[in-house]
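Overview (structure and organization)
Spelled out from the first residue to the last, the chains are:
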Amino acid sequence: MKKSNVNKFAVLQDVCFVTRLYFKTAPKKSTVYLLLKIVSLLIESAFSIMIVIFPKYFVDALTEARSIELAIKILLIYCVIRLSASTVGNIVLFKSKIIIADINKKIEEIILVKASNIPYEQFEEPDYYDKYNKALEYVRGGSDVIIAIFFEFCQTLISFIAASAVIGQLNIFVLMALFMLLVVKYVVRKRIDKAIIKIREDLVRINRKNGYLVSILSNKDQVRDLKMNRGIDFLCSKFRMQYYDSREKQEVLTRKRILFGIPSSIVEILFVSVLYLSLGLDLYGQSITLGEYSAALSAALLLSNYIQLLLNNISSFRTYHYGVTCFLDFMNYELPVSPPFPEKDIKSIVFDHVSYKYPGQDVYAIKNVSFTVSEGEKIALVGQNGAGKTTIVNLMLGLLRPTEGVIKINGVDIKDYQLDELYDHIAVVFQNHCEYAFTIGENVLMNSCDSEKDIENVNASLKKAHLFNKVIAMKKGIHTSLTRTFDDEGVDLSGGEHQKIAISRAFAKNADFIIMDEPTSSLDAIAEYEICGDLINLSEKRTVIIISHRLSSILDSDRIVVVDSGSVVESGTHQELMKKDGLYARMFNLQNNK
């Protein structure tokens with residue numbers, strides 16, 4: 001990931017980008033939000049100015065005018081204004097939080113939708129994950145942070161100018177000392193911020209690794225595996241390594257904070273000394289009143305605080321600029337624009353000298369693969385582990401793009417189609433099928449299951465997958481939740497039963513093209529025979545591609561394509577391949593003990 005360079009216009013660019021995003025996402029709410037922020041800015045600025053001038057008038061009322069009544073009136077006015085400002089400020093803050101929460105929710109949905117449309121290949125890139133996670137982290141942490149900091153900076157700057165004006169009229173030496181303090185603190189803070197940004201970039205990867213380690217302990221299957229293999233100690237050692245790596249970087253940062261903080265502390269001590277000495281001499285020489293002394297002292301101390309706030313704001317700009325940059329890069333990622341899939345059916349898929357190697361790899365996963373799948377064919381892809389079968393399927397689905405060669409669907413390059421529309425015609429059961437903590441009906445349809453038509457579709461699909469009798473015997477039937485993650489009455493199915501749910505999902509889609517990557521790997525021999533037989537018989541005119549290691553389940557395929565070391569080495573029916581006495585025949589004979 002490229003490091004972010006913070007130029008002098010970066011803050012305004014970030015604010016403009018987030019503001020445009022808000023108005024694009026929720027125009028009316030964004031207008032109200034920004035108006036509320038402006039109201040808050042005006043109230044806070046006015047109040048901060050009042051804090052500076054109040055001591056002068058209150059003390060002078062007591063010491064110069066010698067009027068307790070006037071002093072009480074000034075105090076009452078101050079209390080009323082402060083209470084009013086505080087009340088209005090709290091209302092504005094409350095309203096702003098509600099509005100920004102709604103806007104952030106919509107932006108997070110935009111990110112998730114965008115992520116779902118980004119080419120699958122990007123998921124192979126660690127940098128993509130870093131940017132995606134940083135973009136989500138930025139929004140979940142509050143996409144309004146950069147705007148909030150900007151308004152806080154403006155409010156602090158106004159207060160800083162007002163307090164400087166008060167001091168400048170009374171004692172120019174104090175003002176000069178303040179600006180020297182500002183310069184020194186700015187230089188020190190800038191040096192520290194550079195170290196912080198570098199360390200934060202390093203911590204992104206560390207935190208992602210820690211997140212993965214934590215996720216392992218929330219997965220019951222992985223926890224069971226760790227227990228059985230005494231892997232808990234190994235996992236803890238990984239945690240310790242990440243912790244020590246993180247701590248080492250934090251220690252470097254702490255040392256730099258201490259080292260750079262020494263000159264800042266020295267200048268701050270000098271400033272306080274100049275402040276009290278200079279104002280004290282003015283008061284002693286009666287060139288200022290006690291009220292003016294109180295106002296100047298209050299303004300000077302506030303200015304010291306404002307300097308720290310301004311530097312904090314600038315530091316925050318640099319910090320969040322990195323998050324905004326990741327968010328901007330992610331949102332500006334150009335999705336491929338392709339025409340819609342114009343056909344009603346997939347009539348052919350052609351691999352024309354296709355080769356592919358994964359990002360960062362020198363070795364090809366598949367090399368110079370050519371074959372054709374015609375409408376209605378039942379084709380089996382077989383081969384040893386790592387031969388390239390799943391890579392071929394991912395290429396066929398457009399999840400990966402060929403490094404060399406072309407894949408054509410109905411005579412058109414697959415990259416020229418909108419994949420979402422293409423997927424409407426394809427049902428897939430992946431080798432690593434997914435289970436979701438939804439109801440069984442929702443898992444089958446990947447949608448709500450409310451209407452009679454939906455229920456009939458789910459029941460029919462479960463019957464084809466030989467799971468209907470199991471489900472119908474449950475208390476809630478197809479409305480039973482899978483897993484007990486959110487429902488105490490949920491059920492935990494076996495691996496084979498979860499695989500049947502995935503197969504039911506493919507049947508429910510009623511697509512004209514079915515791909516099954518090891519669809520029966522978790523099933524017993526009887527269930528495998530029944531489902532594979534039903535798949536062939538129930539598919540009718542549909543095109544079916546099955547990847548299977550169990551060769552006995554694909555004997556009735558129209559064609560068997562044998563893949564070895566990333567290349568197609570044989571192709572034909574079971575009988576034809578057995579006569580060739582090649583790789584397929586050897587694998588079949590080994591499985592059948594011949």
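These lines cover the structure that appears in this document, whether it is placed above or below.

Okay, the sheet that holds strand 8 (residues 543–547) next. Strands sit in the order 6-7-8-3-9-10 across an open sheet of six strands; the sheet is mixed. Edge positions in the sheet fall to strand 6 (426–429) and strand 10 (567–572), since each has one partner strand and no second. Looking at each pair of strands side by side, their axes are set apart by 15° on average, direction ignored. Bridge analysis of strand 3 (residues 378–382) against strand 8 gives four bridges, and the strand direction is parallel. Bridging across to strand 8, Ala380 finds its partner in Ile546. Here helix 15 (residues 495–509) sits on the sheet and contacts strand 6 and strand 7 (513–517); the angle it forms with strand 6, its principal contact strand, is near 175°.

Here helix 1 (residues 10–25) crosses helix 9 (residues 290–331) at 50°, and the two axes come no closer than 10 Å. By the angle between their directions, the pair helix 1 and helix 9 is classed as oblique. The interaxial crossing formed by helix 1 with helix 9 has left-handed handedness. Listed contacts from helix 9 to Ala10, Val11, Asp14, Phe17 and Leu21 of helix 1 are Phe317, His321, Val324, Phe327 and Leu328.

Looking now at the packing of helix 13 (residues 452–464) against helix 15. Packing of helix 13 against helix 15 brings their axes to within 8 Å, and their N-to-C directions diverge by 125°. As far as their axial angle goes, helix 15 and helix 13 are oblique. Seen along the crossing, helix 13 lies across helix 15 with a hand that is right-handed. Across from Asn457, Ser461, Leu462 and Lys464 in helix 13, the residues of helix 15 making contact are Ile501, Ser504, Phe507 and Ala508.

Here we come to helix 10 (residues 389–396). Of all eight residues making up helix 10, seven are buried, and the element is well covered by its neighbours. For helix 10, the complete set of buried residues consists of Lys389, Thr391, Ile392, Val393, Asn394, Leu395 and Met396. Just beyond helix 10, the residue with positive phi is Gly398, at close to 80°.

In this section: the pattern of salt bridges. Here the idea is simple: oppositely charged side chains can pair when their charged atoms come close. Under the defined criterion, the tally for this structure stands at nine salt bridges. Residues Glu109 and Lys105 are paired through a salt bridge, measuring 2.7 Å at the closest nitrogen-oxygen approach. Remark: Lys105 and Glu109 occur in helix 3 (residues 68–117); sequence separation between them is four residues, near one turn of the helix. A relative accessible area of 39% means that Glu109 is categorised as partly exposed. With a closest N to O distance of 3.2 Å, Lys476 and Glu489 form a salt bridge. With a gap of 13 residues between them, Lys476 in the loop between helix 14 (468–472) and helix 15 and Glu489 in the loop between helix 14 and helix 15 connect regions that are remote in the sequence. The exposure class assigned to Lys476 is partly exposed, which follows from its relative accessible area of 37%. Put simply, Lys476, Asp487 and Glu489 are held in one network by salt bridges that share partners.

How each quantity is defined
Residues numbered from 1 in each chain as written. Predicted model: local features only at pLDDT ≥ 70, side-chain atom pairs only at ≥ 80, totals over all residues. Heavy atoms only, no water. Pairing = 2+ DSSP bridges. Helix = DSSP H or I, 4+ residues; strand = E, 2+ residues; numbered from the N terminus. Axes fitted to C-alpha atoms, helices over the stretch in contact; angles between N-to-C directions. Contact = heavy atoms within 4.5 Å. Parallel < 35°, antiparallel > 145°, perpendicular 65-115°, else oblique. Left-handed = near helix turned anticlockwise from the far one by under 90°. Buried < 20%, exposed > 50% of the residue type's maximum accessible area, 1.4 Å probe, protein only. Salt bridge = Lys/Arg side-chain N within 4 Å of Asp/Glu carboxyl O.

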